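# Structure assessment
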Amino acid sequence: MDRQTYISWATELRRRAVGAVATMVGSDEAEDVAQETMLRMWERLDELDGDKERLMAYAATTARNLAQNRRRQKRRPPLLQLLGWHDYEADGTPLQQMESAETGDIFEQAMSRLPYGWQAMLRMRNTEERSFTEIADILGTTESSVRGTLSKARKRLLELIKQQL
C-alpha cells in the first residue's frame, strides 16, 4: 500500500479503531489505543494491501487486541505486588515506609543472585511491561523460550526470597 492512500484513509481508520474499543477501555484510552493502532499500521504499510474494507477490519481488530492487552496488563499485578510488597509513598506511615524499604532490599538482593539474563527478562516483563514477543525479538529467541525462562526465573526468585525471610 502506498503512503498517500494510507494518509487519505487515516481519519476513517482512526475513527474505526476508536469505535472498536471505546466501550472496552473508555474514550480517553481509546484514543491512545487508536494512536498505537495507526502507528502499527504505518510501520507495516508495505505488508498491507489497498482494499479499504480489509484495512478497516484490520484497524478494528488490531485496536481490539491492543485494548485487550492493556486490560490484561492492568489486571496483572507487578511481580512485587504478587510478593506482597507495597511501595508506599512518602505519606505512608513510618512503619509502612520501613517495611517497604526492607522488602525492596530483600527483593533486590534476591534479584542480584539470579543469572543476568533472567534478571533482564524479569525487568523487561514486569517493569517495562514488554510482551513475550517483544522480549523474544530483543533477545533473539522464541516466545516459548521466554515464557519458560520467565517461569523458571520467578520460581527461583521466590525461593531466594524465602531463604532471606
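Residues numbered from 1 in each chain as written. Predicted model: local features only at pLDDT ≥ 70, side-chain atom pairs only at ≥ 80, totals over all residues. Heavy atoms only, no water.

## Overview of the overall build of the chain
Within the chain, the secondary structure is distributed over 8 helices and 0 strands. Ordering the α and β elements of the chain from the N terminus gives α-α-α-α-α-α-α-α. Counting all 165 residues of the chain, 32% fall into the buried class. The long-range share in the chain, meaning contacts at least 24 apart out of those at least 6 apart in sequence, stands at 63%. For the chain, the accessible area works out to roughly 10600 Å², and carbon and sulfur atoms hold 49% of it. (Helix = DSSP H or I, 4+ residues; strand = E, 2+ residues; numbered from the N terminus. Buried < 20%, exposed > 50% of the residue type's maximum accessible area, 1.4 Å probe, protein only. Contact = heavy atoms within 4.5 Å. Areas by Shrake-Rupley, 256 points an atom, 1.4 Å probe, with all protein chains shown as cover.)

## Details of helix H2 (residues 27–43)
Note that an α-helix has 3.6 residues per turn; residues three or four places apart therefore point the same way. An ideal rise of 1.5 Å per residue puts 24 Å on 17 residues; H2 measures up with 24 Å between its terminal C-alpha atoms. Among the residues making up H2, those that are buried are Glu29, Ala30, Val33, Ala34, Thr37, Met38 and Met41. (Expected span 1.5 Å × (residues − 1).)

## Observations concerning the packing of aromatic side chains
Tallying each qualifying case throughout the model produces 1 aromatic pair. Here Tyr6 and Trp42 contribute two aromatic rings whose centre-to-centre distance is 5.5 Å and whose plane-to-plane angle is 50 degrees, an arrangement assigned as tilted. Placement of the pair is Tyr6 in helix H1 (residues 3–25) and Trp42 in helix H2, with a sequence separation of 36 residues. On the basis of relative accessible area, Tyr6 is assigned to the buried category, the value being 4%. (Phe/Tyr/Trp six-rings, centres within 6.5 Å; stacked < 30°, edge-to-face > 60°.)

## Section: the confidence of the model for the chain
The pLDDT averaged across the chain works out to 83; a share of 86% of its residues lies at or above 70. Within the chain, the element-level pLDDT minimum falls on helix H4 (residues 79–82), averaging 54, and the maximum on helix H7 (residues 132–139), averaging 92. (pLDDT = per-residue confidence, 0-100.)

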